[in-house]
Amino acid sequence: SRMPDTHQPQRNLDKYQDCESVTELSNEILSGTGNSVAILSLALRGSAGVSREVEQQAKELSENGYEVTIFVLEADMEAPEGVSLRVISGYDSFYLNKINHLFYPINIPKVIKVVKELLSYDLLIAHRYPLTCLSYYAAKIGGVPYVIWHYHAPELDEMPSLPQKLFVRSLAYFEEESWIVKNADIACSI
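The text that follows walks through the structure, step by step, so that each part is easy to find.

## Description of the packing of helix α1 (residues 22–30) against helix α2 (residues 49–63)
So, point 1. Remark: α1 packs on α2, axes separated minimally by 9 Å, with the N-to-C direction vectors making an angle of 60°. By the angle between their axes, α1 is oblique relative to α2. Of the two possible hands of crossing, α1 and α2 adopt the one that is right-handed. On α2, the residues touching V22, T23 and S26 of α1 are Q57, E60 and L61.
So, point 2. Tallied by class, residues from the contact of α1 with α2 come to two nonpolar, three polar and one charged.

## Some thoughts on the packing of helix α4 (residues 108–118) against helix α5 (residues 131–142)
So, point 1. Where α4 contacts α5, the two axes come as close as 9 Å, and the packing angle between them is 60°. Considering their axes alone, α4 and α5 lie oblique with respect to each other. As for how α4 packs across α5, the hand of that crossing is right-handed. Between α4, through V111, V114, V115 and L118, and α5, the contact on the second element is made entirely by L134, S135, Y137, A138 and I141.
So, point 2. Looking at the contact of α4 with α5, its residues break down into eight nonpolar, one polar and no charged.

## A short note on the pattern of salt bridges
So, point 1. For the structure shown, the criterion picks out three salt bridges.
So, point 2. A salt bridge links R86 to E117, with the shortest nitrogen-to-oxygen separation between them at 2.8 Å. Taken together, the residues R86 in strand β3 (residues 84–87) and E117 in helix α4 connect sequence positions 31 residues apart.
So, point 3. For R86, a relative accessible area of 27% corresponds to the partly exposed category.

## Considering the nonpolar core
So, point 1. With 26 residues, the main nonpolar core has L40, F71, I88, L118, L124 and L134 as its most contacted residues.
So, point 2. Only β1 (36–44), β2 (67–75), α4, α5, β5 (146–150) and α7 (179–182) provide two or more residues apiece to this core.
So, point 3. At six residues, the largest contribution of residues to this core is made by α5.
So, point 4. Those residues in contact with L118 that sit more than four places away from it in its chain are A38, L40, F71, L124, L134, S135, A138 and V144.

Analysis parameters
Residues numbered from 1 in each chain as written. Predicted model: local features only at pLDDT ≥ 70, side-chain atom pairs only at ≥ 80, totals over all residues. Heavy atoms only, no water. Axes fitted to C-alpha atoms, helices over the stretch in contact; angles between N-to-C directions. Helix = DSSP H or I, 4+ residues; strand = E, 2+ residues; numbered from the N terminus. Parallel < 35°, antiparallel > 145°, perpendicular 65-115°, else oblique. Left-handed = near helix turned anticlockwise from the far one by under 90°. Contact = heavy atoms within 4.5 Å. Nonpolar A, V, L, I, M, F, W, Y, C, P; charged D, E, K, R; others polar. Salt bridge = Lys/Arg side-chain N within 4 Å of Asp/Glu carboxyl O. Buried < 20%, exposed > 50% of the residue type's maximum accessible area, 1.4 Å probe, protein only. Core = buried A, V, L, I, M, F, W, Y, C linked by side-chain atoms within 4.5 Å.

By themselves, these observations are geometric and do not establish any function.
Shown next as structure tokens:
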């Protein structure tokens, strides 16, 4: 794994934890100081494994008294009952979506708007780049704790074309090696 192991957490928590229960993890981080959680992911799609993890976490947290909002760039399904859904950006074109995914963090007007909103939450749980960047910015600006839920990037040799290899390599950097991961309060690996 390319996950960092030298960064010290911002709070008195182990950097890498057994993250089987998102509720227990949230209770430990917040220690009764708040109950609003934003879960950030690339998309909420009925066919994506990451979306299923996001959906399960949102349900679990909501059922345990947390106020939960899911932030995504695109969605083709509804949020679980009792959970809010915010679709913050997306395009009808597959290729425009891929470009948006890579360069969203430098779309300053959109980023500022969403980060301002994230500052009102007590905890951020980020599942995929580029939403991990928004969590990082909110943590740096307002001290909101954030957790990165890490998913291993595909191997480069599995990609059939050079553009796909470049996209996956860029994604792997931002999700496994960058300052975004190194500065998370906690990193949980699937």
